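Here's the letter readout for the chains.
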Amino acid sequence: MSLPSTALRVEPLLFNDPRYLDLHAPPGARGVVLAHEEDGRPAATLAGVLDGAQFVSGYSAPYGGIDLAEQTATPGRIVAAVDALVARLAQTGVEEATIRCRPSCHAAAEDVVRFALLNAGFAVTEADLTFTIPLTGVESAETWLRARKRPLRRAARDADPGRVTFADAADWESAFAVLQANRAARGRTLSIDLDRVLAVREAFGERIRLAELRRDGGPPVAAALTYRVTPVTELVVAWGDAGHRLDVSPMPVLVLRLVERALADGLTALDLGTSTLVAPDGRRVTNDGLVQFKRAVGATAELRPVLHRSLS
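Read on for a plain summary of the structure. Being a predicted model, the structure only gives us computed values, none of them experimental.

On a plain count of helices and strands, the chain comes out with 9 helices and 14 strands. In terms of overall size, the chain behaves like a compact globule, its C-alpha atoms giving a radius of gyration of 20 Å where 312 residues would be expected to give roughly 20 Å. In terms of overall dimensions, the chain has C-alpha extents of about 60 × 40 × 35 Å along its principal axes. Burial statistics for the chain: of 312 residues in total, 49% are counted as buried. Intrachain contacts of the chain at a sequence separation of at least 6 include 71% that bridge at least 24 residues. Looking at the chain as shown, the accessible area adds up to about 14400 Å², and 50% of this sits on carbon and sulfur atoms. Charge centroids of the chain, computed over 36 positive and 38 negative side chains, lie 6 Å from each other.

Moving on, we get to the environment of valine 94. Within the secondary structure, valine 94 is located in the loop between α2 (75-91) and β5 (96-100). When its relative accessible area of 3% is taken as the criterion, valine 94 is described as buried. Separated by 14 residues in the primary sequence, valine 94 and alanine 80 place their C-alpha atoms 20 Å from one another. Residues within four places of valine 94 in sequence aside, it is in contact with Leu50, Ala53, Phe55, Leu89 and Leu311.

Parameters at a glance
- Residues numbered from 1 in each chain as written.
- Predicted model: local features only at pLDDT ≥ 70, side-chain atom pairs only at ≥ 80, totals over all residues.
- Heavy atoms only, no water.
- Helix = DSSP H or I, 4+ residues; strand = E, 2+ residues; numbered from the N terminus.
- Rg over C-alpha atoms; globule rule 2.2 N^0.38 Å.
- Buried < 20%, exposed > 50% of the residue type's maximum accessible area, 1.4 Å probe, protein only.
- Contact = heavy atoms within 4.5 Å.
- Areas by Shrake-Rupley, 256 points an atom, 1.4 Å probe, with all protein chains shown as cover.
- Lys, Arg positive; Asp, Glu negative; His and termini not counted.
- Charge placed at Lys NZ, Arg CZ, Asp CG, Glu CD.

Purely geometric numbers; function is a separate question.
Written out as structure tokens, the structure reads:
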């Protein structure tokens, strides 16, 4: 069956883009993009980093996975594409393959892709919970806020949003320092440094944004690093407040402004990232405090599994 005339190419997830792969592949490894065609037209691709005989889709990234030219393709066609790509992996000499699956908010057919991968012999080795604010059908940020429960609405009001400005950071070092300090206060570190963020921004331009909140023109009181991972979805890579600078948390206002910006840009979902921690025994466990906040801002849980298969 032929693809529609509009589906002439496969739009890659940002983390599957060759530019991203080239930035993150370690010495001796390389980024690869495997393609499957139908009737001479691209139908699906699988991208990742090949290091020796080890292949990882979603290398140095929260997720990767299979990109489809047509999200509304029948399950049979999607399964056939996945099977073809897995066969290509084996032909490439891959012995061990890992695929970090994306949350479903970034691809309507993601559940079908996972179905195909599991039935192609992949198995779940890790699983995280991520939380996403769905934006389809939301008329405005005010509509979104009215739909929240009273404590969140009150917290947003108490933060006095009229005195707070939201804008792209002019000084990335200063805004990024807010994120670093926020993680340090919780005994953790950011998984990415500013130099790497700036390198990704150099490759992808305005798809990489660092926004900040300032009150009364003072220093940043909160910041959010976001990646436009698809044309219609955005990932909050890191966010946080400078807890020592205000008596009331500015985070509800930060979420409000991120929702407002996303709606203005025509986005369908705002991915708030994972809400899981690694326990001492290696299991993933929920970060209940973070889950509570994300649910309060209207986010819903999605699964983010990591799949693995030996091909040797």
